[in-house]
Amino acid sequence: MAKLNINGTLRDVDVEPETPLLWVIREQVGLTGTKYGCGIAQCGACSVHINDEVQRSCSIRVGDVSANDRIVTIEGLSTGRSHPVQKAWAAIDVPQCGYCQSGQIMAAAALLKRTPKPTDQDIDEAMTNICRCGTYQRIRTAVHMAANDTSKI
Amino acid sequence: MNNIVCGSAARLSRRTFVVGSAVAGGGLALGFPLFPLPREIGAARAQAAATEVNAWVVVKPDDSCVIRIARSEMGQGTITGLAQLVAEELECDWSKVSTEQVTPGQNLARKRIWGEMGTGGSRGIRTSQDYVRRGGAAARMMLLQAAADAWQVPVGELSVANGIITHAGTQRTTSYGKVATAAAKLAPPDAKTIVLKDPKNWKIAGKPMKRLDTADKLDGSKVYGVDVKLPGMLCAAIKDCPVFGGKVQSYDEAKIAGRPGVRKVVKVKDSAVAVVADTWWRAKAALDALPIVWDEGPNASVSSASIAEKLQEGLTAEVTNGDRRNGDAVKAIEGAAKKIEAVYGTPFLAHATMEPMNATVRLSADKAEAWVPSQNVEASLAALSEASGVPIANCDVYRIDLGGGFGRRGGTQDFVHQAVEIAKGFPGTPIKLIWSREEDQAHDFYRPISQCKLSAGLDDAGNLVGLHVRVSGQSINAGLNPAGIVGGKDMRQLQGYYEEPGDAQLGYSVPNLLIEYVMRNTHVPVGPWRGVNTNQNGVYMECFIEEVARQAGKDPLEFRRALMGKYPKHLAVLNAAAEKGDWGKPLPPGIHRGIAQFMGYGSYSAAVAEVSVSDRGKVRVHRMVLALDCGHAVNPDQIAAQVEGSVALGLTATFYGDCRVKDGRMVDLNFDSYAIMRLAEMPKVETVIVPTYDFWGGVGEPTICVVAPAVLNAIYAATGKPVRSLPLKNVRLV
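Quantities reported herein were computed from a predicted structural model and do not represent experimental measurements.

Concerning the domain arrangement of chain A
Residue and element names in this part refer to chain A.
Line of reasoning, step 1. In terms of domain boundaries, chain A breaks down into domain 1 (2-75) and domain 2 (84-147).
Line of reasoning, step 2. Its C-alpha centre places domain 1 at a distance of 21 Å from the equivalent point of domain 2.
Line of reasoning, step 3. In this complex, domain 1 contributes 15 residues to the contact, which on the side of domain 2 involves 12 residues.
Line of reasoning, step 4. In terms of residues, the side of domain 1 that touches domain 2 owes the most to one element, strand β3 (residues 47-50), which gives three residues.
Line of reasoning, step 5. Considered class by class, the residues forming the side of domain 1 that touches domain 2 number six nonpolar, six polar and three charged.

What follows is the structure, encoded as structure tokens:
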């Protein structure tokens, strides 16, 4: 049994402590926006925020997360897709298949929280998630757009 | 096209079928529900208020229009593009357009009224554009006729814009929503009376409309195949024998007894073992803990080295499996003033879709259903029926938008077969099978491996007098479509080298030309991979032409142009890339350019790459300009998106892509060793669309094949040495 703080709600989950946080989020909590891509923290499709830092949830044991850790998934990033990153993503149609985009958006949101006006180099270093459709060019543009969104994060 | 049965009785029964299948749990009935949950069944019933004007167009009382889509969306934007084409002819209000999927079961029940559903070969729009536009136009004509009947005026006196019908003479207006019910009762117009718009007058098609399917990709609400949830569902993880062709010898189920949530261990056919549990993670963890002994069979000694030897032998073998020729290339090269020869090679590649293979299947007493992210739902339906033994009329497949396809999810529905085999042990219970990334990498249908020997002869003036190209490699048809091999000839592997115009024509005239294919198959299964075989053949031809041009002492662009007089479309695209790519203009120190052109999937592509190579041999691609003539440009922004994506996919293959074989199995099982290019390495991409509007070409695949050769030719310019094998990670450049 574990107690998790996900998107501001405390939840009890009955699961083996070695279960990756990703699969607890997807299968016990039922939030499927966070995706499985590789299981070895390579692709970033499983990116969530834990205490405002972006983390790859496939490689974190649920037993290592406490109820004091604030976990935010893509479903909890904003209401009505109102986060500047989501708005920028929509404005220039970043997603193609979309499967990796939850993770991309979470990575971008964490970057902007830390570095509100990122340079291209900042983006290079922070946005390391894999996109097989190849939306990288639009991701870069959208991160800059979100950084310039006056409504702020 | 629209062989619609007319009359209200027939129409009523058709709608009854539609709604009935939703209520019965069929899901996706011409409404949107994928999953037969109570809320969504209610939504489907509410749908019944909408009126089907014809197979492609449903109009609601609030004037919104639902456009039916038969092709698969995997990110390439086909839903938006097809909807634009229908809406253009329909003259509806684009801001009120939504789309819905049809199922292959519905298509079958209605005598394939929606045509082919398979989505591959960059055919989604180009092979259905005519009948979907006609569908939109026919619906418009029926809606106008209904208004004319109501007003008792000649239909010719009516005009329509944005779904509002106007009779100028009496200053009356009505809307599609108001006349749809009457329109649906009318006979469809005679196909001969349908006149499609000149693209010059397009207002919706041809414009960079926003995608219709972006919103739910931004907040995690979009449901992919791996996200399917059904009442009572169980999850399965699977391991197939790592050596292709091997079998399960034994497994020790006792070792995982008592693990939480585990329901059953299932042998799947004779080569795989699956664990079924209440959650996928528990199934996967139990499978990893299950000792399995494999009978690896005769292929367990095959390696990349033994495969390379086999291909190499094919480069000089006597018997060939298809060719094209004019003149006598061998003789011309023998007698030439200067001879150039090179051997190139490209490896197996995995598709590595971000969403691993999966399928959810529910078998009941008299019914089989599957939820599949599929590029070919009709193939999924056939696989479901064949594997389950349920007659096809009692089967249906609910397609879910794909988390990447790239050719992997088309004709080969291996994951559906597996899911059905597992579901047979759980009657009435939905089984969701998901492959691990490792399984996905270990059991792909890989891009075919090949080597290519090229020889050329130049005369004293540096003119190309003879060219001999011999590809030795694995055949897709041999494994997946033996009927495609006629009299031992398999021309599919020579894609891009054809003499015939229209699809994948070689854009060069050579007085003495011989292009040959030698089939050398391995035990590794191969299949279509976004852009096969133009990717490999593009590298061979365009890098070798570069070598020849440099040996001739000529500018690579000018050398190509001289060979392209008979191929104006190829040449125009090459010129567009050269112009926008600043060919011949000064470059900053350390930056070098490369150029390439090739044709595939009915479209013409060219690229210019700007590349630097560091003292330590590190390559950086700074900028790529790609030109594309796809005939008609339905959505320029989405075409640009496909071109940008093709650069990322092409550069991953150029730099990293390599599926090594050792002990008969694949070595590179996850993204740690099968690296994928990241954002930091993405060059600036500029897309130049030069549509000539006199044909319909593909978009998703054509530009990939010029990415690698343009980059390799720029590296050649930088280092003075040609690169003849991929990926670059295995090549020492300095």
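Section: the domain arrangement of chain B
Residue and element names in this part refer to chain B.
Line of reasoning, step 1. Per the domain assignment, the segments making up chain B are domain 1 (8-217), domain 2 (225-297 + 357-434) and domain 3 (304-349 + 446-730).
Line of reasoning, step 2. Every contact between the two is made by 18 residues of domain 1 and, on the other side, 22 residues of domain 2.
Line of reasoning, step 3. A total of three residues in the side of domain 1 that touches domain 2 trace back to one element, the largest contributor, which is helix α4 (residues 104-109).
Line of reasoning, step 4. Looking at the side of domain 1 that touches domain 2 residue by residue, the classes come out as seven nonpolar, 10 polar and one charged.

Some words on the interface of chain A and chain B
Line of reasoning, step 1. Between chain A and chain B, the residue contacts involve 47 residues of the former and 45 residues of the latter.
Line of reasoning, step 2. Those elements giving two or more residues to the side of chain A that touches chain B turn out to be α1 (21-28), α2 (84-91), α3 (101-114), α4 (120-126) and α5 (136-147) of chain A.
Line of reasoning, step 3. Sorting elements by how many residues they give to the side of chain A that touches chain B places α5(A) first, with four residues.
Line of reasoning, step 4. By residue class, the composition of the side of chain A that touches chain B is 22 nonpolar, 17 polar and eight charged.

Let's talk about helix α11 (residues 414-423) of chain B
Line of reasoning, step 1. Most of α11(B) sits inside the fold, with eight of its 10 residues counted as buried.
Line of reasoning, step 2. Along α11(B), the residues that are buried comprise B:F415, B:V416, B:Q418, B:A419, B:V420, B:E421, B:I422 and B:A423.

What to know about the packing of α3(A) against α5(A)
Residues and elements named next belong to chain A.
Line of reasoning, step 1. Direction vectors running N to C along α3 and α5 enclose 40°, while the axes themselves pass 11 Å from each other. Put simply, α3 runs oblique to α5. Here α3 runs over α5; the crossing is right-handed. Along the contact surface, α3 presents Q104, A108, L111 and L112, while α5 presents I139, V143, A146 and A147.
Line of reasoning, step 2. Considered class by class, the residues forming the contact of α3 with α5 number seven nonpolar, one polar and no charged.

Let's talk about the pairing of strand β1 (residues 2-6) of chain A
Each regular strand carries side chains that alternate between the two faces of the sheet.
Residues and elements named next belong to chain A.
Line of reasoning, step 1. Of the two faces of β1, only the one carrying A2, L4 and I6 is buried; K3 and N5 on the other face are not.
Line of reasoning, step 2. When β1 meets strand β2 (residues 9-13), the two strands line up antiparallel, connected through five bridges. Opposite I6, over in β2, you have T9 as the bridge partner.
Line of reasoning, step 3. Here β1 hands over to β2 after two residues, with N7 in that stretch at a positive phi of 50°.
Line of reasoning, step 4. Here β1 runs beside strand β5 (residues 70-72); their pairing, made up of two bridges, is parallel. Within β5, the position partnered with N5 by the bridge is R70.

Rules of the game
- Residues numbered from 1 in each chain as written.
- Chains lettered and ligands numbered in written order.
- Predicted model: local features only at pLDDT ≥ 70, side-chain atom pairs only at ≥ 80, totals over all residues.
- Domains from an automatic or database assignment.
- Contact = placed C-beta atoms within 7 Å.
- Helix = DSSP H or I, 4+ residues; strand = E, 2+ residues; numbered from the N terminus.
- Nonpolar A, V, L, I, M, F, W, Y, C, P; charged D, E, K, R; others polar.
- Buried ≥ 20, exposed ≤ 12 C-beta atoms within 10 Å, placed from the backbone.
- Axes fitted to C-alpha atoms, helices over the stretch in contact; angles between N-to-C directions.
- Parallel < 35°, antiparallel > 145°, perpendicular 65-115°, else oblique.
- Left-handed = near helix turned anticlockwise from the far one by under 90°.
- Pairing = 2+ DSSP bridges.

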